[in-house]
Amino acid sequence: MDVSVDVVGYFRAPSPWVPALNYWPVTPAVTAESASGTGVCDGSPCGTLPAGDTDVATAGHGGIPASGVNAVTVSIVAQDSTWRPRTGRPERDRISR
């Protein structure tokens, strides 16, 4: 299964001039991709992801500031890496959080 994580925005902490969390969209950017090894997953370059939870580094990547961010929004795409043309459509799942 190949997995791609794209950042699409972030929330900043409240400040004296903005009293609530505020959302900042960014141009979607690949932050982690298991097929190419792009990004940092669980503290190491991404590659084959283990089953279970995986931490993906987003701070300072893809337009996300290195600090002052409370949460990020991402688009996650998982695709069967064994799919080949002529065998049908790939199994694909998209999750946005």
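Use the structure listed above.
Here the structure is a predicted model, which means the values were calculated and not measured.

Caption draft 1: Seen up close, the overall build of the protein. In terms of regular secondary structure, the protein is built from 0 helices and 6 strands. Ordered by position from the N terminus, the helices and strands of the protein form the series β-β-β-β-β-β. Long-range contacts, defined as pairs at least 24 residues apart, comprise 50% of the intrachain contacts of the protein with a sequence gap of at least 6. Of the roughly 6500 Å² of accessible surface on the protein, a fraction of 55% belongs to carbon and sulfur atoms.

Caption draft 2: Quick peek at the nonpolar core. Residues Val 5 and Val 7 are the most contacted members of the largest nonpolar core, which totals 13 residues. For this core, the secondary structure elements donating two or more residues are strand S1 (2-12), strand S2 (22-33) and strand S5 (69-79). The biggest single contributor to this core is S1, with 4 residues. Those residues in contact with Val 5 that sit more than four places away from it in its chain are Ala 29, Val 30, Thr 31, Ala 32, Val 56, Val 74, Ser 75 and Ile 76.

Caption draft 3: View of the environment of Glu 33. Within the element layout of this structure, Glu 33 appears in strand S2. For Glu 33, a relative accessible area of 26% gives the class partly exposed. Distance in space between the C-alpha atoms of Glu 33 and Val 77 is 9.4 Å, their sequence separation being 44 residues. In this structure Glu 33 touches Val 3, Ser 4, Thr 38 and Cys 46, once residues within four positions along its chain are discounted. Within the structure, Glu 33 has its side chain in polar contact with the side chain of Ser 36 (distance 2.9 Å).

Caption draft 4: Examining the packing of aromatic side chains more closely. Evaluation of the coordinates by the stated rule reveals 2 aromatic pairs. Centroid distance Phe 11 to Tyr 23: 5.0 Å. Interplanar angle 55 degrees. Geometry classified as tilted. A residue pair is termed long-range when its members are at least 10 positions apart, and Phe 11 in strand S1 and Tyr 23 in strand S2 qualify at 12 residues. Relative accessible area serves as the criterion here: at 28%, Phe 11 is assigned to the partly exposed category.

Caption draft 5: Representation of the side chain of Thr 73. Within the element layout of this structure, Thr 73 appears in strand S5. Assessed through its relative accessible area of 14%, Thr 73 is described here as buried. A polar side-chain atom of Thr 73 sits 3.0 Å from a polar atom in the side chain of Tyr 23.

The rules we used
- Residue numbers run consecutively from 1 along every chain, following the written order of its sequence.
- Totals for whole chains, interfaces and linings use all residues, but because this is a predicted model, local features are given only for residues with pLDDT of at least 70 and pairs of side-chain atoms are given and counted only at 80 or more.
- Note that the side-chain values use all heavy atoms of the structure and ignore hydrogens as well as water.
- Each helix is a run of DSSP H or I of at least 4 residues and each strand a run of E of at least 2, with the numbering of both proceeding from the N terminus.
- Note on definitions: a residue-residue contact is assigned when non-hydrogen atoms from the two residues lie within 4.5 Å.
- Computed with the Shrake-Rupley method and a 1.4 Å probe, the accessible areas treat only the protein chains shown as cover for residues.
- The term nonpolar core refers to a set of buried residues drawn from Ala, Val, Leu, Ile, Met, Phe, Trp, Tyr and Cys, joined through side-chain atoms within 4.5 Å.
- Classification of residues uses two cut-offs on accessible area relative to the type maximum, computed with a 1.4 Å probe and protein chains only: under 20% is buried, over 50% is exposed, and between them is partly exposed.
- Polar contact is defined as a pair of N or O atoms within 3.5 Å, subject to the rule that within protein one atom must be able to donate a hydrogen and the other to accept it, and that residues adjacent in sequence are counted only when both atoms are side-chain atoms.
- Each Phe, Tyr or Trp ring (for Trp, its six-membered ring) is paired with any other whose centre lies within 6.5 Å, and the angle between the two planes then decides the class: stacked below 30 degrees, edge-to-face above 60, tilted in between.

Shape is all these values report; function is a separate question.
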